[in-house]
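Chain by chain, the residues:
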Amino acid sequence: AMKPVQGKNLEEVINEPGFNPNLGNAINLAKQVGETLTYVHTKFGVYPFIHRDLKPSNIMQDSEGNYIVIDWSTGKVGSGKTTINTQFNSLYYTSP
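Residues numbered from 1 in each chain as written. Predicted model: local features only at pLDDT ≥ 70, side-chain atom pairs only at ≥ 80, totals over all residues. Heavy atoms only, no water.

J.: Honestly, the overall build of the chain in this entry has me stumped. Any pointers?
T.: Scanning the chain from terminus to terminus reveals two helices and five strands. Tracing the chain from N to C terminus, the helices and strands come up as β-α-α-β-β-β-β. Taken across its 96 residues, the chain has 24% of its residues classed as buried. Put simply, 62% of the contacts in the chain that link residues at least 6 apart link residues at least 24 apart. Of the roughly 7100 Å² that the chain leaves accessible, carbon and sulfur atoms contribute 57%. (Helix = DSSP H or I, 4+ residues; strand = E, 2+ residues; numbered from the N terminus. Buried < 20%, exposed > 50% of the residue type's maximum accessible area, 1.4 Å probe, protein only. Contact = heavy atoms within 4.5 Å. Areas by Shrake-Rupley, 256 points an atom, 1.4 Å probe, with all protein chains shown as cover.)

J.: When you look at helix H2 (residues 23–42) in this model, what are you seeing that I'm missing?
T.: Structurally, the α-helix is built with 3.6 residues per turn, so residues lying three or four positions apart point the same way. For H2, spanning 20 residues, the distance from its first C-alpha to its last is 28 Å, which sits close to the expected 28 Å at 1.5 Å a residue. Those residues of H2 lying buried are Leu29, Gln32, Val33 and Val40. In an axial view of H2, the angular spread of the buried residues amounts to 85°, which keeps them on one side of the axis. Across H2 from its buried face, at more than 90 degrees, point the exposed residues Leu23, Ala30, Lys31, Tyr39 and Thr42. Lining the buried residues of H2 we find helix H1 (10–14), strand S2 (49–50), strand S3 (59–62) and strand S4 (67–69). Backbone nitrogen of Gly24 and a side-chain oxygen of the N-cap are separated by 3.0 Å at the start of H2; the cap is Asn22. (Expected span 1.5 Å × (residues − 1). Arc of directions from axis to C-beta. Polar contact = N/O pair within 3.5 Å; in protein donor to acceptor, adjacent residues only side chain to side chain.)

J.: Where do I start with the side chain of Gln32 in this structure?
T.: Relative to the assigned elements, Gln32 resides in helix H2. In this structure Gln32 comes out as buried when scored by relative accessible area, which is 16%. Within the structure, Gln32 has its side chain in polar contact with the backbone nitrogen of Tyr67 (distance 2.7 Å). Residues contacting Gln32, with those up to four places away along its chain left out, are Gly65, Asn66 and Tyr67.

J.: Help me understand the nonpolar core, please; the structure alone is not making it clear to me.
T.: Proteins that are soluble and globular tend to have nonpolar side chains buried together. Listed in full, the six residues of the largest apolar core are Leu10, Leu29, Val33, Ile59, Tyr67 and Val69. Only H2 and S4 provide two or more residues apiece to this core. When neighbours within four sequence positions are excluded, Val33 is seen to be in contact with Leu54, Ile59, Tyr67 and Val69. (Core = buried A, V, L, I, M, F, W, Y, C linked by side-chain atoms within 4.5 Å.)

Printed below as a string of structure tokens:
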């Protein structure tokens, strides 16, 4: 279980009138999300934990500007084998 996150998801932030991203904000977002995914990916030792539904609406920005990855319910601990036959994703956010 996660503690409640007060704020807006990244999709809402991007769609706000006057949204004007800058390089510093983009780097901060990539760094925070990347650190979170790295931590969780390595938490289970040899077998990685994979989010499987990472998209703007699953990244929250809190009132202090921190980014929090949410909705881990579709995640899965990998087996070390390919998961090509596993289908769970969101339309428009899936690699080809």
